[in-house]
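# Observations on the model geometry
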Protein chains: 2
Amino acid sequence: MINRICIIGVGLIGGSFAIGLKNSKKTQTIIGFDTNEKNLITAKNLGVIDNYSLDIKIALKDVSIILIATPVGSFTQILKLIKPHINDKTIISDVCSTKSSVIKAIKSVYGYIPKNFVPAHPIAGKEISGIHSIDKKIFNNKLVVITPVNGITNDYSIQIITELWQSLGANIEIMTDEKHDDLLAMTSHLPHMLAFGLMDYLICNDVKYLNYAAGGFKDFSRIAASNNIMWRDICSNNSKHIIKHIKAYQQSLDKLVNLIDNKKFDELEKIFKDAKKARNDYAHNLKNE
Amino acid sequence: MINRICIIGVGLIGGSFAIGLKNSKKTQTIIGFDTNEKNLITAKNLGVIDNYSLDIKIALKDVSIILIATPVGSFTQILKLIKPHINDKTIISDVCSTKSSVIKAIKSVYGYIPKNFVPAHPIAGKEISGIHSIDKKIFNNKLVVITPVNGITNDYSIQIITELWQSLGANIEIMTDEKHDDLLAMTSHLPHMLAFGLMDYLICNDVKYLNYAAGGFKDFSRIAASNNIMWRDICSNNSKHIIKHIKAYQQSLDKLVNLIDNKKFDELEKIFKDAKKARNDYAHNLKNE
């Protein structure tokens, strides 16, 4: 059992992790740290955390694990903040949705990559955020990708972080940070860019045209209501892969345009049919989880 | 009250229209016609239609209104089928999601555009189709666009069709077929192309990558599970506008790529923020309907 863990950033992900740990009884004491005291009071009142401090020194006293669950954009700042208060046994992990950038950030702040730093990314979330959206089951049957730094990250720390996530029902997959950032750019960042881009396109035409959107539009556009700051930071931290996938995706659009333009409707229908099948298989697998 | 109406194609839209009319008590007798007798039997058993015939001559006997609710692709064939059995008082309407093409089709089959032909498009639907998905409330507070042919379509026929849809809770808007096809290409056909295109892009990479899709992907990709035949036909019947909007949308994607590439993250965040607001306003308006 972990004696004392500190969760930095008690929002949707940090809070859900905390409440999940409380349920799994894997930790003795969960300490919250956040810049927003109201948030921490709410979290304590809800029983999500055992205690909190606005003073990082107090928050980190005697903790063996620190989970950084703040948005990607404040990661460097948090690393600087915790630096004076950790020792070489403290396990540090995170939940950032870009992984090369966090490894780069820790190297830049610490001058080296600590062997107890375990970069991780739970692939779960909602388009809403904040302490009031927390959900102890949000990670159940979800994937958590851990991207250890080859030759540096130690197995013991990976094991500890793995067990914590597994106790919340998550499945662990290990891969390189580069592979993670490429995959996520394709399956998460690209769809978000398409949804933001579509709303932008409609706004640039006339936002009133949304009156003519049909039923399916509501679901399709849901991810365009995601947090703008978080997505700005994801874009700045995974630029290379996001740009690559937007450009390559445009070739798929070009293909559709060419098929329509050249009246190759059988080929077009095959694409639609394959898309329908892949999407239905995907949704079916989700249900069976 | 309408004495006798025939609904050709008793699927999601035709069936929902029928069950809605039964409730509104606007018609005496609803006759179904379909190529699939099992469908018609189900519809009759469910009380969606009063009777049916597989013989178009019998189905159309004494009807004053014909609603063609088959997919866009079979519209011309249906026009040919009904031609010998209508008179110059029969009001014909449709539910096709492209309007210039239906006007062109009727002119081509009849040699002229009948004054009692009222092109209409209820902007409602689901990604699933068929008689088992019918819903008497599907048109409630939804928009039905009517695109009369200037100088030809008579006001009386427009009025009759308007009242039928209004009795199902729908709101009517009149516009040109060109305007309709342009608007729908932007708000409905484009999003479908983006979703089909994304699934195609993922399949072309590796369909297993869908394992790394996060929560939002399920909703975003739902419209990619739409009927492939229907969407093939929409593409062939609204090629010009769909191509125009895919190409113009790609400029929105280019804009995102340029902002990311040039590290203009404040501008990027403003686009995300505006997108979020527009999407939330849209969803809010839907709730208040």
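Here goes a summary of the coordinates provided. (Residues numbered from 1 in each chain as written. Chains lettered and ligands numbered in written order. Predicted model: local features only at pLDDT ≥ 70, side-chain atom pairs only at ≥ 80, totals over all residues.)

## What to know about the overall build of chain A
Definition in use: Secondary structure elements follow DSSP: runs of H or I no shorter than four residues count as helices, runs of E no shorter than two count as strands, and numbering proceeds from the N terminus. Put plainly, a residue is buried at 20 or more neighbouring C-beta atoms within 10 Å of its own, exposed at 12 or fewer, and partly exposed in between, counting only other residues' C-beta atoms, which are placed from the backbone. A pair of residues counts as a contact when their C-beta atoms, built from backbone coordinates, are separated by no more than 7 Å.
The helix and strand tally for chain A stands at eleven helices and nine strands. Considering only C-alpha atoms, chain A reaches an extent of 70 × 40 × 40 Å along its principal axes. A total of 289 residues make up chain A; the buried ones form 51% of that total. A separation of at least 24 residues holds for 76% of the contacts in chain A among residues at least 6 apart in sequence.

## Description of the interface of chain B and chain A
Short version of the rule: Think of it as three bins: nonpolar holds Ala, Val, Leu, Ile, Met, Phe, Trp, Tyr, Cys and Pro, charged holds Asp, Glu, Lys and Arg, and polar takes everything else, Gly as well.
In this complex, chain B contributes 78 residues to the contact, which on the side of chain A involves 78 residues. At the level of secondary structure, the elements contributing two or more residues to the side of chain B that touches chain A comprise helix H7 (177-205), helix H8 (216-221), helix H9 (228-237), helix H10 (239-261) and helix H11 (265-287) of chain B. Top contributing element to the side of chain B that touches chain A by residue count: H7(B), with 18 residues. Looking at the side of chain B that touches chain A residue by residue, the class counts come to 47 nonpolar, 16 polar and 15 charged.

## Considerations on helix H4 (residues 75-82) of chain B
Residues and elements named next belong to chain B. Inclusion rule: It is the directions from the helix axis to the C-beta atoms whose arc is reported.
For H4, the complete set of buried residues consists of Phe75, Ile78, Leu79 and Ile82. Viewed along the axis of H4, the buried residues span an arc of 100°, placing them on a single side of the element. Among the structural elements, strand S1 (2-8), helix H3 (56-59), strand S4 (65-68), strand S5 (91-94) and helix H5 (100-110) are those in contact with the buried residues of H4.

## Some points on the sheet that holds strand S3 (residues 51-52) of chain B
Hydrogen bonds between backbone groups are what pair the strands of a sheet, and the pairing can be parallel or antiparallel. Residues and elements named next belong to chain B. Test applied: Any two strands with at least two DSSP-identified bridges between them are counted as paired. For helices, the fitted axis covers only the stretch in contact; all axes are lines through C-alpha atoms, and the angles between them, taken along N-to-C directions, range from 0 to 180 degrees.
Here we have six strands laid out as an open sheet, ordered S3-S2-S1-S4-S5-S6, and parallel in their pairing. Two strands close off the open sheet at either side, each with one partner strand: S3 and strand S6 (117-118). Where S4 lies against S5, four bridges are found, and the strand directions are parallel. Residue pairing for S5: Leu67 is matched across the bridge by Ser93. Contacts from helix H1 (residues 12-24) reach S1, strand S2 (27-33) and S4, with the element oriented near 160° to S2.

## Re the relation of the copies chain B and chain A
We count it as follows: Our superposition of the copies is a least-squares fit, built on the C-alpha atoms of residues whose pLDDT is at least 70 in both.
Expressed as a screw operation, the relation of chain B to chain A combines 0.0 Å of axial shift with a rotation of 180°, fitting to an RMSD of 0.0 Å. A rotation of that kind, with that shift, is consistent with a two-fold axis. The position closest to the rotation axis in chain B is occupied by the C-alpha of B:Phe220, lying 2.0 Å away. The residues that chain B uses at the interface reappear at the interface of chain A in 100% of cases, marking a shared surface.

## Some words on the packing of helix H11 (residues 265-287) of chain A against H9(B)
The criterion, for reference: The scheme is simple: roughly parallel for angles under 35 degrees, roughly antiparallel for over 145, roughly perpendicular for 65 to 115, oblique for anything else. Throughout, a crossing is termed right-handed when the near helix is turned clockwise from the far one, and left-handed when it is turned anticlockwise from it by less than a right angle.
H9(B) packs onto H11(A) with a crossing angle of 140° between their chain directions and a minimal axis gap of 9 Å. Viewed along their axes, H11(A) and H9(B) adopt a mutual orientation that is oblique. Here H11(A) and H9(B) pass one another in a crossing that is right-handed. Contacts between H11(A) and H9(B) involve A:Phe265, A:Leu268, A:Glu269, A:Phe272, A:Lys273 and A:Lys276 on the former and, on the latter, B:Asn228, B:Ile229, B:Trp231, B:Arg232, B:Cys235 and B:Ser236. Partitioning the contact of H11(A) with H9(B) into residue classes produces six nonpolar, two polar and four charged.

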